[in-house]
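Commentary on secondary and tertiary structure
Residue-level listing of the chains:
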Amino acid sequence: SALREGYERFDPRAYLHNNYRPPRADFSSEEFVVPWKLRCLAETFASGEIHGRTLIDVGSGPTIYQLLSACDHFEEIVATDYLAVNREELRRWARGDPGTFDWSPFIQHVCKIEGRGEPWQDKERRLRARLRRILPIDVHRAEPLGAPLRPRADALLSAFCLEAVSPDRAAFARALAHVSSLLRPGGHAVLLGALGESFYLAGAARLPVVPLDEGDVRRALDGAGFVLRQLRSYAMPPALRTGVDDVEGVFFAHAQK
């Protein structure tokens, strides 16, 4: 209930400003956190191993950057979030409404590192076309979508969600097990998340986060029935510790159910 109360004050625009503008979203060097995240995603999806009909993005928030490399490998992307304000932000971007957050620098950077010479507008159009469903989700329910996903997804992606909505490590592990039910056996999970973070700000909302280390991530994946394929971590440099959170680092994990 305390988490729900906090998220009622969540401001998507403040969250985007805090995390997806400079200095964190500085594309001049991969020493900055956003380019590091985009590189992890691009390299993992470039393998061609993760593909299929449906990708489900768990806890999308108001962001689409995490889907840019994935969208080339799936017919349909299902975005999800607990908050109506975040789902509306995604719908506005998908429709191309004026005044939405400008993701073009992110799309341009992904096209650059993917190295196919593709006009960034083509990738933007493709993601908009494949982002077909934007659904409410509650990762603390055994059926996070309220009913089984049929057919189950070929891949699951989740960025900075589960640790940010869980009061402790046990709840984080349970939430991961719940969302794994959305994924078919043999399907792939790609996770990004915070390490050593206890809070973050989003406008008037100060939101608690369960502080994780790499061992917590490994144990939760194992407990949810995943085989870990890759785990990388990034240490947040002092210049990017801007006071909007106390995050120490970021993890990137690729696992298979």
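What counts, and at which threshold
Residues numbered from 1 in each chain as written. Predicted model: local features only at pLDDT ≥ 70, side-chain atom pairs only at ≥ 80, totals over all residues. Heavy atoms only, no water. Salt bridge = Lys/Arg side-chain N within 4 Å of Asp/Glu carboxyl O. Helix = DSSP H or I, 4+ residues; strand = E, 2+ residues; numbered from the N terminus. Buried < 20%, exposed > 50% of the residue type's maximum accessible area, 1.4 Å probe, protein only. Phe/Tyr/Trp six-rings, centres within 6.5 Å; stacked < 30°, edge-to-face > 60°. Pairing = 2+ DSSP bridges.

1. Some thoughts on the pattern of salt bridges
Counted under the stated rule, the structure contains 24 salt bridges. One salt bridge in this structure joins Asp 216 and Arg 219, with 3.0 Å as the shortest N-O distance. Of this pair, Asp 216 and Arg 219 are both found in helix H8 (residues 214-223), three residues apart, which corresponds to roughly one turn of the helix. By relative accessible area, which is 55% here, Arg 219 ends up exposed. Here the residues in one salt-bridge network are Asp 72, Glu 114, Arg 116, Glu 118, Lys 123 and Arg 126, joined through shared partners.

2. Examining the packing of aromatic side chains
Taken as a whole, this structure holds 13 aromatic pairs when the rule is applied. Ring centres of Tyr 20 and Phe 106 lie 6.2 Å apart, and the angle between their planes is 55°; on these two criteria the pair is classed as tilted. Of the two residues, Tyr 20 is situated in the loop between helix H2 (12-19) and helix H3 (33-46) and Phe 106 in helix H5 (residues 104-114); the sequence distance between them amounts to 86 residues. Residue Phe 106 is classed as buried on the basis of its relative accessible area of 2%.

3. Examining the pairing of strand E6 (residues 199-202)
Looking along a regular strand, one sees the side chains alternate between the two faces of the sheet. Pairing of E6 with strand E7 (residues 205-208), which is carried by four bridges, proceeds in the antiparallel orientation. Paired with Ala 202 across the strands is Ala 205, a residue of E7. As consecutive antiparallel partners, E6 and E7 are separated by two residues, and within that stretch Gly 203 has a phi angle of approximately 75°, a positive value.

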